[in-house]
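# Examining the three-dimensional arrangement
Here is how the chains run, residue by residue.
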Amino acid sequence: MAYILHVASFLLFLTKLSIGQREVTVQKGPLFRAKGYPVSIGCNVTGYQGPLEQDFQWSVYLPTAPTQEVQIVSTKDSTFSYAVYAQRVQSREIYVERVQGNSVLLHISKLQMKDSGEYECHTPNTDEKYYGSYSAKTNLTVIPDTLSAAMSSQTLSKEEGEPLELTCEASKATAQHTHLSVTWYLMQDGERSQATKIISLSKDFMLIPGPSYTERFAAGDVQLAKLGVTTFRLSIRRLQPSDQGQLFCEATEWIQDPDETWTLITKKQTDHTTLRIQPAVRDFQVNITTESTFIEGKPLELVCLVVGSSRDPQLQVIWFFNDTEIARIDAGGVLGLKKDYKKRTSQGQLQVSKLSPRAFSLKIFTAGPEDEGTYRCAVAEVAGAQVGSWQVLQTKQSPESHVHLRKPAARSVVVFTKNQQQVVWEGEALTLLCKADGAAGLLSVKWWHIPQDQTQPEFVASMEQDGTVQLGASHRELNNHSNTRLEKMNWATFQLEITSTTVTDSGTYECRVSERTWNQARDLSWTQKMLVTVKSLQSSLQVNLMSRQPQVKLTNTFDLSCIVRAGYSDLKVPLTVIWQFQPARAQVFHQLILITHNGTIEWGDFLSQFQRKTKVSQSSFRSQLLIYDATEEEAGVYQCKVEVYGTNSLHTNSPARASAISSPLRIVVTLPESKLKVNSSSQVQEISINSNTDIECSVLSLTPGNLRLAVIWYFSPITTNVSWLRILEMDQTNVVKYGDEFQTPRKKQKFHAEKVSQDLFQLHILNVEDSDQGRYHCAVEEWLLSTNGAWNKLGEKKSGLTELKLRLTGNKVRVSKMHRSENATEHTEVAIHCSLESSGSSASLFSVTWYWNRENSGSKMLVNLQHDGLLEYGEEGLRRHLHSYRSSPTDFVLKLHRVEMEDAGMYWCRVAEWQLHGNPSKWVNQASDESQRMVLTVLPSEPTFPSRICSSAPLRYFLFVCPIVLFILLLVSLLCLYWKTRKLSRLSLNAQNEKALWIDLKEAGDRTTNRREEEDKDN
């Protein structure tokens, strides 16, 4: 079949004809074929001149030598093949098949991995002139055969009509895109050379049945299903004798070539499974099964069974009652009922059904006296005839079955608990069973409860004969969740369940069973009692808080276990655990974490770091906290509180039934014990002046853990009484800080520290001078970083002393050691002298540094007169207060311009000799020496009048208060004068107004008198 597909695809080339120009074409590549399988590559030539039959030559260019032609086979020359292919060509493993005069096929019967390469088809020239193409190439890649097909070899024995399922595992791992087809075959006995196709799943994912199985496939009797990626299942629903033989599975792998044709590249078959089929036995017998007696109101069921047939025939059944047909079911499942029974079926009292291919049921749900009598069934085997009709092959009758109504009898009742325990815990379920003996019948039950210390019974629940349940007033449903349930386990057993008990449920429970009979006027009753005790959960609840590490090292992990002890530890009661924490130096507890009984976890808002570093684990009666990376913030008092809930609290949201709190447990967080050790051996270094040196600080051992080291370097000069000066500190974060006496740029340039390794530190001293002589040591501190970002100091160790000495080359400087003391009056000028015993070499320069010290305070550098004459003050504020200069070759002077009382103390100088050394020349400190201490006493100056005033407190108060009193008196006097002036002004103004009025009146009177006098004169 694959060969035919290759030929067909190759013939497509023949349609691409061209005239006048030779054109050679080969099958379009790349082509992928599997190792061990054949391949056929077509070649065609058109547009040629000469004979109709053309010759072809095939060559290959292997991947190992892509430019070297390797000749394979030729239609013209039998000696054309290279030695590597000659034997395969001679054995016809590789050959050329001529399809037409101008077209051929190159066949390789069994591919090898080394056959991969670029294949060239060449046609020798038969034209008058070269015109067109004479060869064409295509790529062939040989890929591994990864196809596998497997099925276990077995022998199966089946009966006719039984189902069959076989599975085949087929898989591939080809890197290229391929499709898989699976076909099932049957090789019948005596036909080993010819296999019959059952069904296949094609490469296009279509199910194609074999010719012999087409009808059975259409009826759904034969199926092929793919289960997962590699499993293919053959299913035959009803076996036939013709299915006997050898069954196997064949898997085929297909690939699509560039010309869009699908080509088979691999094919595998599985082992065979032998199938033996036993023909069915046709004859059968019919039996009927039922109880010989029944209880009124109870179900009555009769089952008609077919036995003896070795297959499942098509059957129909007819039911008879007292020789009268009442119901039938045909082979198609159609039900037929007589009038009276059709009504009972519609009311749900009767059911006729087919339980299995050989079992049929007649069930009366509520049997009565009218159902007492004789029953039988008739079963007929049928075969399909015309549509909607059946042909009866044989009929069998069952024996008659006589059914009688059972009469009631005397009974006894027992009451017991489900677990045989009359004592339960609060919240635990209480299950009481009331069981009656005797013959089966329709019973009803009533439950009563008599609480402890009471005599009046309370109605709990009842169940009537028809199953109707009624609950007492105190046991009815609340929010659709009833705590009391009454069930009928069987005809004689009634179960009363209180799902979540309380203490009030203790007491005596009474069960009263009643039976109603059809021939008696009143019901029969039987009673039984039981005493039940419900114990409180609170009565035995205890909570203990424990820790294996009450004293925990910083950054270590500690655990807290909250253990609940109770007499009901075997019960799965829901618990809520509340962890509380009281920090050190606090007075109240804060909620740390809440683990509710429904499984949720709520973290408190206090100290949020707990949530990031705490692991919570909880079992039924134990809760544990694991707190990692302990810090001082976790130190304090812990306690846990436990609340116990009922078993149904997840659905009812009921409150806690019991609670208890543990005793407080204090957790102390301490620092780990320091294991720090530093090399304490002392040494002496003697070096030349102006050279560099290193002083080492070696750490011998460290405390385990993630620790950091801080190193502080100290220096004690030889020529001063200063105890130890701090040079610099490299703290645990590698930040370098210089001491107060080493803050100048020159000092920072001279001294610097280096961390050579984890356990080795060095102090580098550049251009060593005389002033650098002295003792050096380091102090190493261990620091631990806690998770809250705080640094904790674990320990400190000091190294041994390293004494640094110079091999001096200059003259020895000698400063006068004369002890002097001097008194000075306050606010006057003081000059302090420092003298050399000799002027030294003419090539030497001198620098002087003045120091001051006072009781209860450290020494202080005042000013440094350098060898080049520059002044360097210890503090900038001293520039206005003092001055240093060299008064003669051997004398140095420190002048205090205005002495204050606080300037009293001891003064001394340090003189250093400097000479030029090296090339290029550089001033180097050759030697130095200090003077004796000169004690300066400052006396208070003679008091003046202002000073006397200021020294007298009463006089100061008088001078302060007197101007204020005088100012107040003056202000009062001015106010009085102003008031009197205003009063005199008002009096003067009133007098002027009265005088003006008098003058006006007088003038008016004079005018009146004159007018009268004039009138008299006229008259």
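Whatever comes next refers back to the structure up there.
This report concerns the structure included in the present document.

About the cut-offs
Residues numbered from 1 in each chain as written. Predicted model: local features only at pLDDT ≥ 70, side-chain atom pairs only at ≥ 80, totals over all residues. Heavy atoms only, no water. Helix = DSSP H or I, 4+ residues; strand = E, 2+ residues; numbered from the N terminus. Contact = heavy atoms within 4.5 Å. Pairing = 2+ DSSP bridges. Axes fitted to C-alpha atoms, helices over the stretch in contact; angles between N-to-C directions. Disulfide = S-S within 2.5 Å. Buried < 20%, exposed > 50% of the residue type's maximum accessible area, 1.4 Å probe, protein only.

Here we take up the environment of L486. Following the sequence through the fold, L486 ends up in strand β38 (residues 484–488). It is 8.9 Å that separates the C-alpha atoms of L486 and I498, two residues lying 12 residues apart in sequence. Aside from chain neighbours lying at most four places away, what touches L486 is V445, W447, A461, S462, M463, V469, Q495 and L496.

Further remarks concern the sheet that holds strand β32 (residues 413–417). Pairing is antiparallel across the open sheet formed by four strands, whose spatial order is β32-β34-β39-β38. What marks the edges here is a single partner per strand, and that holds for β32 and β38. Each adjacent strand pair in this sheet contributes to an overall mean axis angle of 15 degrees, direction not counted.

Looking now at unusual backbone geometry. Here the amide bond leading from G29 into P30 is cis, since omega sits at 0 degrees, within 30 degrees of zero. Residues other than glycine seldom take positive phi values, yet F205 does so here, at roughly 65 degrees. Summarising the element assignment, F205 is placed in the loop between β14 (196–201) and β15 (207–209). Phi is positive for N322, close to 50 degrees, though the residue is something other than glycine.

The four strands lie next to each other as β1-β3-β7-β6, forming an open sheet whose pairing is antiparallel. Whereas interior strands pair on both sides, the edge strands pair on one side only; in this sheet they are β1 (23–26) and β6 (94–100). Geometrically, the sheet is characterised by an average inter-axis angle of 20 degrees between neighbouring strands, direction not taken into account. Pairing between β1 and strand β3 (residues 39–46): four bridges, direction antiparallel. The partner of V24 across the bridge, within β3, is V45.

A complete count under the given rule lists seven disulfides for this structure. Between C43 and C121 runs a disulfide, and the two sulfur atoms are separated by 1.9 Å. Sign of the S-S torsion, about -85 degrees for the bond between C43 and C121, identifies this disulfide as left-handed. With C43 in strand β3 and C121 in strand β8 (residues 117–122), the pair connects residues that are 78 residues apart, well separated along the chain. C121 shares its class with C43; the two are buried. One disulfide in the model links C168 with C249; its S-S distance is 2.4 Å. The disulfide joining C168 to C249 has a torsion of about -65 degrees about its S-S bond and is therefore left-handed.

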